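Residue-level structure breakdown
Each chain, letter by letter, is given below.
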Amino acid sequence: MLISGRGSNMAALLYASQAPDCPYEIVLVASNVPDAPGLVLAAAEGVPVFARAHTGMKRAEFDAVIDAELERRGAEFVALAGYMRLLSDGFVAKWAGRCLNIHPSLLPAHKGLDVHEAVLAAGETVTGCTVHLVTPALDDGPILGQVRVAVLPGDTAETLADRVHYAEHQLYPRVLADLVSAADSTAAWLERVRSLAL
Ligand code: GRF
């Protein structure tokens, strides 16, 4: 998992993984921000962490460092959870179909930053969050799941962000579990077909 900040989605994914029937485990929390608060929590929970500032490194060069850590820990999927850095095309291509991101809007509406301000400025009454596969374009890959969140009278960007966060914490673990389970079933099915063909 890759984070840059407080890591509340990381915490949701991590604690969901402790349920006995959860099909995924968190093998690494890595960050481009060495003092990201989420790293402290991950380490305290016994999850391997890796931190390296990207400053002064070319994007592809930095992503190769992250990729090497993911491989070293045996990662099969990459969950971006508040990772505030664009990924290089090479990294995205390598992890295609296995790299997910969460975004605090009902994509394709409001890609990028300052989402809640944009929702309020547009006078929208419903917003939400989206988990999608990562493709080279920002916040643009196939949508795997969404939760709708009502905008309340008097909401500020902060109150709205808080409520969308609650929704994110429900959505992300469920979508990741579904994706991992689907991949596991497909792998088991392919193995079965191969064994029958022998
Ligand atoms: C979340 O709102 C997520 O949708 C966005 O960045 C924020 C990260 O928050 N990509 P947290 O670090 O998980 O609390």
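Residues numbered from 1 in each chain as written. Predicted model: local features only at pLDDT ≥ 70, side-chain atom pairs only at ≥ 80, totals over all residues.

A few words on the confidence of the model for the chain. Scored by pLDDT, the chain has a mean of 96; 99% of the residues are at 70 or more. Of the two predicted TM-score estimates for the complex, the pTM is 0.95 and the ipTM is 0.98. (pLDDT = per-residue confidence, 0-100.)

This part is about the packing of helix α1 (residues 8–16) against helix α6 (residues 157–197). Contact geometry of α1 with α6 gives a least axis separation of 9 Å together with a crossing angle of 45°. When the interaxial angle is binned, α1 and α6 end up oblique. With respect to the hand of their crossing, α1 and α6 are arranged in right-handed fashion. Packed against α1, whose contacting residues are Ser8, Asn9, Ala12, Leu13 and Ala16, the element α6 presents His165, Glu168, His169, Tyr172, Pro173 and Leu176 at the interface. (Axes fitted to C-alpha atoms, helices over the stretch in contact; angles between N-to-C directions. Helix = DSSP H or I, 4+ residues; strand = E, 2+ residues; numbered from the N terminus. Parallel < 35°, antiparallel > 145°, perpendicular 65-115°, else oblique. Left-handed = near helix turned anticlockwise from the far one by under 90°. Contact = placed C-beta atoms within 7 Å.)

Okay, the site of the ligand next. Within the structure, the ligand sits among Gly5, Arg6, Gly7, Ser8, Asn9, Ala81, Gly82, Ile102, His103, Pro104 and Glu168. Only α1 and β5 (99–103) provide two or more residues apiece to the shell around the ligand. Residues of the shell around the ligand, tallied by class, amount to three nonpolar, six polar and two charged. (Near = placed C-beta within 6 Å. Nonpolar A, V, L, I, M, F, W, Y, C, P; charged D, E, K, R; others polar.)

Below, the discussion takes up the nonpolar core. Within the largest apolar cluster, 44 residues are counted, with the highest numbers of intra-cluster contacts made by Met1, Leu13, Val29 and Ala81. With seven residues, the top contributor of residues to this core is α6. Among all residues touching Met1, those that are not within four sequence positions of it are Met10, Leu13, Ile26, Leu28, Val29, Ala79 and Ala81. (Core = buried A, V, L, I, M, F, W, Y, C linked by C-beta atoms within 7 Å. Buried ≥ 20, exposed ≤ 12 C-beta atoms within 10 Å, placed from the backbone.)

Turning to the environment of Pro37, a few remarks are in order. Within the secondary structure layout, Pro37 lies in helix α2 (residues 37–44). When the C-alpha atoms of Pro37 and Gly5 are compared, they prove to be 6.1 Å apart, with 32 residues separating the residues in sequence. The contact partners of Pro37, leaving out residues within four places of it in the chain, are Arg6 and Gly7.

Bringing the pairing of β5 into the picture now. Counted residue by residue, β5 has five buried out of five residues, so it is predominantly covered. Summarising the sheet, strand β4 (residues 78–80) and β5 pair through three bridges and their orientation is parallel. Bridge pairing in β5 links Leu80 to Asn101. Between the parallel elements β4 and β5, the chain passes through helix α4 (residues 89–94) in a crossover that is right-handed. In the sheet, β5 pairs with strand β6 (residues 126–133) via four bridges, with the strands oriented antiparallel. The partner of His103 across the bridge, within β6, is Thr130. (Pairing = 2+ DSSP bridges. Right-handed = clockwise from strand over helix to strand, strands pointing away.)

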